[in-house]
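# Fold and contact review
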There are 2 protein chains.
Amino acid sequence: MKQLTGACIIGQSGGPTAVINASAQGVIQTALKADCITRVLGAAHGIKGVLDDKLYDMSQEDPAELDLLQYTPSSALGSCRYKLADPDVDDTDYKRILEIFQKYDVRYFFYNGGNDSMDTCNKISKYMQKVGYECRIMGVPKTIDNDLNGTDHCPGFASAAKYIATSCAEVWQDARVYDTGMIAVIEIMGRHAGWLAGSAALANLTGCGPDLVYLPEVDFDMDQFLADVKAVYEKNGNCMVAVSEGIHYADGTFVSEAKTSATDGFGHAQLGGLAALLADKVKQATGAKVRGIELSLLQRCGAHLASKTDVQEAWQAGSAAVNAAVEGITDKMVAFQCTREGGYKCETSLEPLDIVANFEKKVPREWINEAGNNVTQAFIDYALPLIQGESNGPKENGLPRFARLKKVLTTEL
Amino acid sequence: MKQLTGACIIGQSGGPTAVINASAQGVIQTALKADCITRVLGAAHGIKGVLDDKLYDMSQEDPAELDLLQYTPSSALGSCRYKLADPDVDDTDYKRILEIFQKYDVRYFFYNGGNDSMDTCNKISKYMQKVGYECRIMGVPKTIDNDLNGTDHCPGFASAAKYIATSCAEVWQDARVYDTGMIAVIEIMGRHAGWLAGSAALANLTGCGPDLVYLPEVDFDMDQFLADVKAVYEKNGNCMVAVSEGIHYADGTFVSEAKTSATDGFGHAQLGGLAALLADKVKQATGAKVRGIELSLLQRCGAHLASKTDVQEAWQAGSAAVNAAVEGITDKMVAFQCTREGGYKCETSLEPLDIVANFEKKVPREWINEAGNNVTQAFIDYALPLIQGESNGPKENGLPRFARLKKVLTTEL
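About the cut-offs
- Residues numbered from 1 in each chain as written.
- Chains lettered and ligands numbered in written order.
- Predicted model: local features only at pLDDT ≥ 70, side-chain atom pairs only at ≥ 80, totals over all residues.
- Heavy atoms only, no water.
- Phe/Tyr/Trp six-rings, centres within 6.5 Å; stacked < 30°, edge-to-face > 60°.
- Buried < 20%, exposed > 50% of the residue type's maximum accessible area, 1.4 Å probe, protein only.
- Least-squares fit on C-alpha atoms with pLDDT ≥ 70 in both.
- Contact = heavy atoms within 4.5 Å.
- Buried area = accessible area lost by both parts, 1.4 Å probe.
- Salt bridge = Lys/Arg side-chain N within 4 Å of Asp/Glu carboxyl O.
- Polar contact = N/O pair within 3.5 Å; in protein donor to acceptor, adjacent residues only side chain to side chain.
- Helix = DSSP H or I, 4+ residues; strand = E, 2+ residues; numbered from the N terminus.
- Nonpolar A, V, L, I, M, F, W, Y, C, P; charged D, E, K, R; others polar.
- Pairing = 2+ DSSP bridges.
- Axes fitted to C-alpha atoms, helices over the stretch in contact; angles between N-to-C directions.

Residues and elements named next belong to chain A. Applying the stated rule across the entire model yields 28 aromatic pairs over all chains. Aromatic pair F109 and Y111: ring centres 5.4 Å apart, planes at 20°, arrangement stacked. Per residue, the accessibility class of F109 equals that of Y111, and both read buried. Ring geometry for Y214 against F220: centres 5.8 Å apart, planes inclined by 80°, an arrangement best described as edge-to-face. The class for Y214 is buried, based on a relative accessible area of 5%. Through pairs of rings, three or more aromatic residues link up here, namely F101, F109, Y111 and Y133.

So this is what it looks like as structure tokens:
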């Protein structure tokens, strides 16, 4: 292996999670210790920070504050939803990225994100190869949606899953205190993959979980849904339903679509208001007291309820990316390969960025029951080991003590 | 003091909290040890369980499960929203309650709830005095709304406040990851009193809190609100707003009123959808990306984030009620008298039920800033000691292990 000496950049991209900063911490702390990495730069708002020449000098941060990153939700360096053009059509951004890489002698680039971010990472990697700029480029997975190809699971998913399952168990307790009965409809994130909605079913291990779970992997049928809810309510006097925000009719129309027409920076439809919409429908169909609850941003930033397993694995993913790059590897994403029989074990592997970018890994149909209104034991067996352990971050004033970064912009060339 | 021997009933009433079961635990565990209390009966769904002769024999519960009540949100015995008639107009319910008291030789009655429940407790107490049935009747305070008269604060408030402040701090992190800015509107419970909405401001102690806080104690002005939000957004590029569900215009109309016309069992208007409504208005006024987030039931059942101080005080309130009753006291509610200077200290006192029932203690106007869009330091100094400490309940499968009661209906006479 040839030693490659130069600066590194770490960028965070896409929607934040409870543990994306743990991955950044893994990258930063490992890179700061690597002899061949001369400077560790944090990109302000992901690739936009590179394009804008806004890079923080991470060596100027207090090490104790960097230690707190693992307990700090959201993207401490700032994130972006910026889609790079096809370089054959418009290479403006790529030329600019190359210029910045050359300016700071950047030889290592770590990009932490989901599908779209791995696409960005992949495009930059292929461009640098094409123009012959020597640089090691690694993707670090992140997404609460858990839909990245080539990895057992994604950092961020488990903490959101733990938050969702715990919240469902607590709401279950609350939603059955009166003898008059109640139906609760919990709206959970996940546009195209039902990993998070399925995780609501973990709450049943506490004895307090949803009766019905609807994932976007199965076409939604409003009449069947209302019949399902009615049947449970008439039998039990109560009903809890977990639904993915991404449930859609057979023709592909999102159930929530009528409520909004806004789109995010990647052109995805912005969903929301589904819980209220379904609660209305259920109320009309049953006459019951109904509560629609949208877990909203809470489920992805609930670091106080992060899974310790997730926090540790997220750190390892970041650290493994740096170690692999230092050892000469490039054009890969860190992934997890896990075994569950005989006790949960998780090891990192390296997967080609090509096979990761722009694919969405769905919940296998056989992990959803035949009626399409719950997950099976196979899903539970898959998800349960991931939510183990409490992160127990430090408190100040009875409230979480988050990392406070100085974010000193680098000026030296 | 004359010793009074007989059974006791504990009932839970009104909206549940994260720690109402800690108070029930305090009552049950103390009563089980009291020599003069022959049987400890839990009323199924509060006073309705008395009327329906549905009483659980608490001595049949596993003591280890009773220990878990302090970590179990919501009302383990079941709750109700049942308003007793004026006994001078209709004494049917009172006669029935007396009949049940006589049937089981009930000489102690502990009722755990908020304003309306203290009214119930007071009416029963006065009726028993009138008919000369010897019985000691004690109210145990409970309400996330913190609006009971005669007490420094109410069990349940602090845990909800801790949940709200922590969630606001986490959402704050999430809501400013992009360089494009965002406005977050957080809807918080509290019909007529702004204690909970004000608690959102505690998040500022983490460096991550709301810029603006609107309480129902101040008349709401939509134009001023939009101007406030716009000013913060234009200055900072981001804005977080906490609003009480109970904000209303000068004529008393709830801002959310247009959204629903349903009422609960006590005849209160059921509010909701305010976050979405305000988010729409803010979006129109600013063109910014806006998220409306309703904390909904999550804020009152979030036992995983309960304040240890609150859990302990809730237990003490229940225990103190039993001890006082055994000592011969009746017709009182347990209250808290606290000092904050020189370190927080909290002691129980006993207040007449009359002065507690049906009053709503509001946030003092001087604890709200002049502009009416935030709380002052006095509010923070009041609330901060209450949210200290983590309850750290036991986990099973990485999820909370709630109490599992057998709820054996008593049959013996």
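That was the structure; now back to the text.
Let us now look at the relation of the copies chain B and chain A. For the pair chain B and chain A, the best superposition has an RMSD of 0.0 Å and corresponds to a rotation of 180° with a translation of 0.0 Å parallel to the axis. Between the two chains, the operation in question is that of a two-fold axis. If distances are taken from each C-alpha of chain B to the rotation axis, the shortest is found for B:E294, at 3.8 Å.

Here the focus is the interface of chain B and chain A. On the side of chain A, 61 residues touch chain B, which itself brings 61 residues to the contact. Across the chain B/chain A interface, buried area totals approximately 5000 Å², and carbon plus sulfur atoms make up 57% of it. Between A:D174 and B:R300 there is a salt bridge, with its nearest N and O atoms 2.7 Å apart. Across the chain B-chain A interface, the total number found is 30 residue pairs in polar contact (both at pLDDT 80 or more). Elements with a contribution of two residues or more to the side of chain B that touches chain A: helix 6 (157-174), strand 9 (290-294), helix 10 (298-301) and strand 13 (399-400) of chain B. It is helix 6 of chain B that contributes the most residues to the side of chain B that touches chain A, ten residues altogether. Each residue belonging to the side of chain B that touches chain A can be placed in one class, and the counts come to 27 nonpolar, 21 polar and 13 charged.

The strands that make up a sheet are held in pairs by hydrogen bonds between backbone atoms, and each pair lies either parallel or antiparallel. Residue and element names in this part refer to chain A. Taking strand neighbours across the sheet as the criterion, the seven strands line up as 3-2-1-4-5-10-11 in an open arrangement whose pairing is mixed. For this open sheet the edge positions go to strand 3 (55-57) and strand 11 (345-352), each flanked by a neighbour on one side alone. Taken pair by pair, the neighbouring strands of this sheet meet at an average axis angle of 30°, ignoring direction. As paired strands, strand 1 (residues 6-12) and strand 2 (residues 37-43) are joined by four bridges and run parallel to one another. Within strand 2, the residue paired with G6 across the bridge is I37. The strands that helix 5 (residues 115-131) touches are strand 4 (106-113), strand 5 (136-141) and strand 10 (332-339); relative to strand 5, the one it contacts most, it runs at about 170°.

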